[in-house]
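Examining the three-dimensional arrangement
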Amino acid sequence: MIQKRLINFQDYIPLFILLLFSGNPLFTSEDYSKTILVIYTLGFVAYMLFISGIKVPARMSVIFLVVVACIIILVLFQHILLGFVSYPGVFALILKILLGMFTLLYYMDKKIDFLTVYIKIMAFLVIASLPFWLINHFGWYGYDLNFNHLKTFFFYTSFQGLEGYMLVRNSGMFWEPGAFSGYLVLALVFITIRNGKFQIGDFKMEALWITIGILTSMSTTGFLVFLIILNIYIFQNYGLAKIVVIPLTLVAIYFSYSKLDFLQEKIELQYQESKELSKSDISNTRFGAWKMDLQYIESQPFTGNGLDAKTRYRFHPWITTDIGHGNGMSNFLVYWGIPFFLFWMFSVYKSAKTISQTTFIAVCTTLILLLLLQGEQFLNFPIFLMFFIIPYVYKIEYTQVQAERGQIKNF
């Protein structure tokens with residue numbers, strides 16, 4: 001998607017709101033959350049269609065209908081095989097995909113690069129979060145969310161410090177630090193996709209703030225994925241110097257892993273606990289959740305187990321509420337089955353390949369997003385669900401630009 005003009009302030013608003021629906025507790029964790037999702041989505045779609053007069057390209061309509069058809073087919077099988085379906089949850093999922101599609105359509109119509117807007121918003125969110133993160137070291141402030149020891153300043157989610165645990169992690173405006181770091185890593189991925197290579201390019205300041213955000217989040221998954229990206233960046237950009245730089249970086253990684261308690265200690269403890277789990281045990285850690293979820297995936301590998309606790313946790317019927325599931329990939333596989341998840345993976349690959357025109361970037365993007373899913377429930381939210389639609393939006397733009405001025409290498 002070619003950016004043909006400067007981005008105005010109002011052009012940041014649709015994507016910022018989409019990010020609010022992608023994990024800001026005020027928009028996703030309150031009793032009114034589903035209501036405002038319905039009102040905003042239907043209002044935004046109506047505005048785009050009837051006031052702005054935007055026409056949905058046939059390619060986008062077709063892929064949206066294909067995705068919805070897949071969901072409906074899975075729901076029908078779940079109803080037949082399991083006897084119950086959470087229709088409000090299914091409706092909310094479709095609404096999130098629809099909202100993501102029309103947000104992309106907004107930027108397509110304005111000739112603005114969606115990736116650039118996302119990168120700049122995430123850099124801004126880091127800057128906005130830092131003063132509140134510093135305040136959080138001295139106390140727990142903000143609007144009380146009445147769960148999980150959280151309060152919010154809107155641009156920052158404040159955590160209550162646990163007894164004997166002085167580490168204060170930056171969660172930005174999202175539900176926890178791991179979520180913030182995941183969305184920040186996604187911004188780095190978008191920089192890479194846009195440049196067609198692991199380079200910073202025109203995003204030097206944004207990359208700096210995003211890096212600061214990842215570091216202050218102190219997220220295990222975020223750190224590890226960031227270090228992977230850093231090594232690929234060094235390998236691609238430092239020529240002969242990488243012979244010296246990469247070993248030094250590996251040494252730094254080793255010491256970081258062994259000295260930071262949220263890396264080695266946390267990973268090894270969770271892994272050890274997962275090995276001791278029985279089929280009836282409950283776990284919300286990234287490794288434990290995988291082991292717990294395998295029986296559900298094996299039970300319904302193709303059609304999934306549905307969204308409602310009655311079917312999703314039918315082998316653990318004493319679970320009636322959210323347990324803070326720690327693995328977004330296994331959870332989505334349990335919900336919707338293997339084929340639908342592979343469809344999403346293919347969409348991620350195609351998105352990166354279409355924009356970057358590079359197979360290497362497409363493979364790296366897919367693997368990085370799979371790693372991010374090992375820590376958080378990103379596939380419950382519009383930003384990650386947008387990958388179903390992204391490749392078709394950029395394919396339209398790419399075709400139009402080719403027709404206007406010939407072969408294009410970078411977007």
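Just above, that's the structure.
Below you will find a few notes about this structure. In this convention, every chain numbers its residues from 1, walking through the sequence in written order. pLDDT decides what is reported in this predicted model: residues at 70 or higher carry local features, side-chain atom pairs at 80 or more are listed and counted, and totals for whole chains, interfaces and linings draw on all residues regardless. The side-chain numbers reported here are obtained from all heavy atoms of the structure, hydrogens and water having been left aside.

As a further point, take the environment of F174. Think of it this way: any DSSP run of H or I at least four residues long counts as a helix, any run of E at least two long counts as a strand, and we number them from the N terminus. Turning to its location among the elements, F174 is positioned in the loop between β3 (157-159) and α7 (177-195). Working definition: with a 1.4 Å probe on protein chains only, accessible area under 20% of the residue-type maximum means buried, over 50% means exposed, and in between means partly exposed. We classify F174 as buried; its relative accessible area is 0%. It is 8.9 Å that separates the C-alpha atoms of F174 and F154, two residues lying 20 residues apart in sequence. What makes two residues a contact is simply this: any of their non-hydrogen atoms within 4.5 Å. Each residue touching F174, except ones within four places of it in the same chain, is listed here: L19, S22, G23, N24, P25, M122, L125, T157, A179, F180 and Y183.

In this section: helix α15 (residues 359-373). A turn of α-helix holds 3.6 residues, and therefore any two residues three or four places apart point the same way. The span one expects for a helix is its residue count, reduced by one, times 1.5 Å. When the terminal C-alpha atoms of α15 are compared, their 21 Å separation across 15 residues agrees well with the 21 Å that a helix rising 1.5 Å per residue should span. Every buried residue of α15 is listed here: I361, A362, C364, T365, T366, I368, L369, L370, L372 and L373. Its buried side turned inward, α15 meets α7, α9 (220-237), α14 (328-356) and α16 (382-385).

Below, the discussion takes up the sheet that holds strand β1 (residues 143-144). Spatial ordering of the open sheet is given by β1-β2-β3, a layout of three strands whose pairing is antiparallel. Here the strands that pair on one side only, and so sit at the sheet edges, are β1 and β3. Following DSSP output, two strands are said to pair if at least two bridges run between them.

A few words on empty space enclosed by the protein. Space inside and on the surface of the protein is sampled on a 1 Å grid over the protein atoms alone, with a cavity defined as a set of points where a 1.4 Å probe fits but cannot get out and a pocket as an open set with protein on both sides within 12 Å along at least 5 of 7 lines; lining residues have an atom within 4 Å of a point. Grid points are joined across faces, edges and corners, and a volume is the space filled by probe spheres set on the points. Under the defined criterion, the tally for this structure stands at one cavity of 30 Å³ or more. As a volume, the largest cavity reaches approximately 40 Å³. Mapped onto the lining of the largest cavity, the elements with two or more residues apiece are α7 and α15. When residue character is reported, Ala, Val, Leu, Ile, Met, Phe, Trp, Tyr, Cys and Pro are called nonpolar, Asp, Glu, Lys and Arg charged, and the others, Gly included, polar. Taken together, the residues that form the lining of the largest cavity break down as six nonpolar, two polar and no charged.

With that settled, the discussion passes to the pattern of salt bridges. A side-chain nitrogen of Lys or Arg and a carboxyl oxygen of Asp or Glu constitute a salt bridge if their distance falls within 4 Å. Taken as a whole, this structure holds three salt bridges when the rule is applied. With a closest N to O distance of 2.4 Å, D113 and R194 form a salt bridge. One end of the pair, D113, is in the loop between α5 (87-110) and α6 (114-136); the other, R194, is in helix α7, with 81 residues separating them in the sequence. Judged by relative accessible area, which is 1%, D113 ranks as buried. Since its relative accessible area comes to 17%, R194 is described here as buried. A salt bridge links R312 to D293, with the nearest nitrogen and oxygen atoms 3.0 Å apart. Here R312, found in helix α13 (residues 309-312), pairs with D293, found in helix α12 (residues 286-299); they are 19 residues apart in sequence, far enough to count as distant. On the basis of relative accessibility, which here comes to 0%, the residue D293 falls in the buried class.

Next up on the list: unusual backbone geometry. Unusually for a residue other than glycine, M218 sits at a positive phi of about 50°. By secondary structure assignment, the location of M218 is in the loop between α8 (204-217) and α9. Judged by relative accessible area, M218 falls into the buried class, the value being 13%. At Q357, a residue that is not glycine, the phi angle is positive and equals roughly 60°. On the basis of relative accessible area, Q357 is assigned to the partly exposed category, the value being 37%.

Moving on, we get to the environment of F124. Along the polypeptide, F124 turns up in helix α6. Expressed as a C-alpha distance, the spacing of F124 and W209, which sit 85 residues apart in the sequence, is 8.0 Å.

Let's shift gears to α9. Over its 18 residues, α9 extends 26 Å from the first C-alpha to the last, a length consistent with the 26 Å expected when each residue adds 1.5 Å. Along α9, the positions that sit buried rather than exposed are T220, T221, G222, F223, V225, F226, L227, I229, N231, I232 and I234. Two N or O atoms form a polar contact when they lie within 3.5 Å of each other; inside protein one atom must be a possible hydrogen donor and the other a possible acceptor, and for residues adjacent in sequence the pair counts only when both atoms belong to side chains. N-cap assignment for α9: the residue whose side-chain oxygen lies 3.1 Å from the backbone N of G222 is S219.

Moving on to the packing of aromatic side chains. A pair of aromatic rings is counted whenever rings of Phe, Tyr or Trp (Trp by its six-membered ring) have centres within 6.5 Å, and the orientation is called stacked for planes under 30 degrees apart, edge-to-face for over 60 and tilted otherwise. Scanning the entire structure with this criterion turns up 34 aromatic pairs. Each ring, one from Y118 and one from F190, has its centre 5.1 Å from the other, and the planes form 75°; the classification is edge-to-face. You can see Y118 sitting in helix α6 and its partner F190 sitting in helix α7, a full 72 residues away along the chain. Judged by relative accessible area, Y118 falls into the buried class, the value being 0%. With a centroid separation of 5.8 Å and an interplanar angle of 85°, the aromatic rings of F124 and F155 are classed as edge-to-face. Note that F124 is positioned in helix α6 and F155 in the loop between β2 (150-152) and β3, a separation of 31 residues in sequence. One cation-aromatic arrangement involves K310 over F84; the distance from NZ or CZ to the ring centre is 4.2 Å. Only when the NZ of Lys or the CZ of Arg is both within 6 Å of the ring centre and within 35 degrees of the ring normal is a charge said to sit over the ring.

Further remarks concern the environment of G178. Tracing the backbone through its elements, the reader meets G178 in helix α7. Along the backbone, G178 and L372 are 194 residues apart, and their C-alpha atoms lie at a distance of 9.0 Å. Leave out the neighbours within four places in its chain, and G178 touches R169, S219, E376 and F378.

It is worth spelling out a nonpolar patch on the surface at this point. In this scheme, patches are assembled from residues that exceed 30% relative accessible area and form no salt bridge. Like charges are connected within 9 Å, while nonpolar side chains (Val, Leu, Ile, Met, Phe, Trp, Tyr) are connected within 5 Å. Each accessible area value is a Shrake-Rupley result obtained with a 1.4 Å probe; residue values ignore everything except the protein chains displayed when judging cover. A surface patch of nonpolar side chains, amounting to about 460 Å² of accessible area, comprises Y47, L49, F50 and I51. When you line up the elements, L49 lands in helix α3 (residues 33-51).

Of the residues examined, R312 reaches a relative accessible area of 1% and is grouped as buried. Within the structure, R312 has its side chain in polar contact with the side chain of D293 (distance 3.0 Å).

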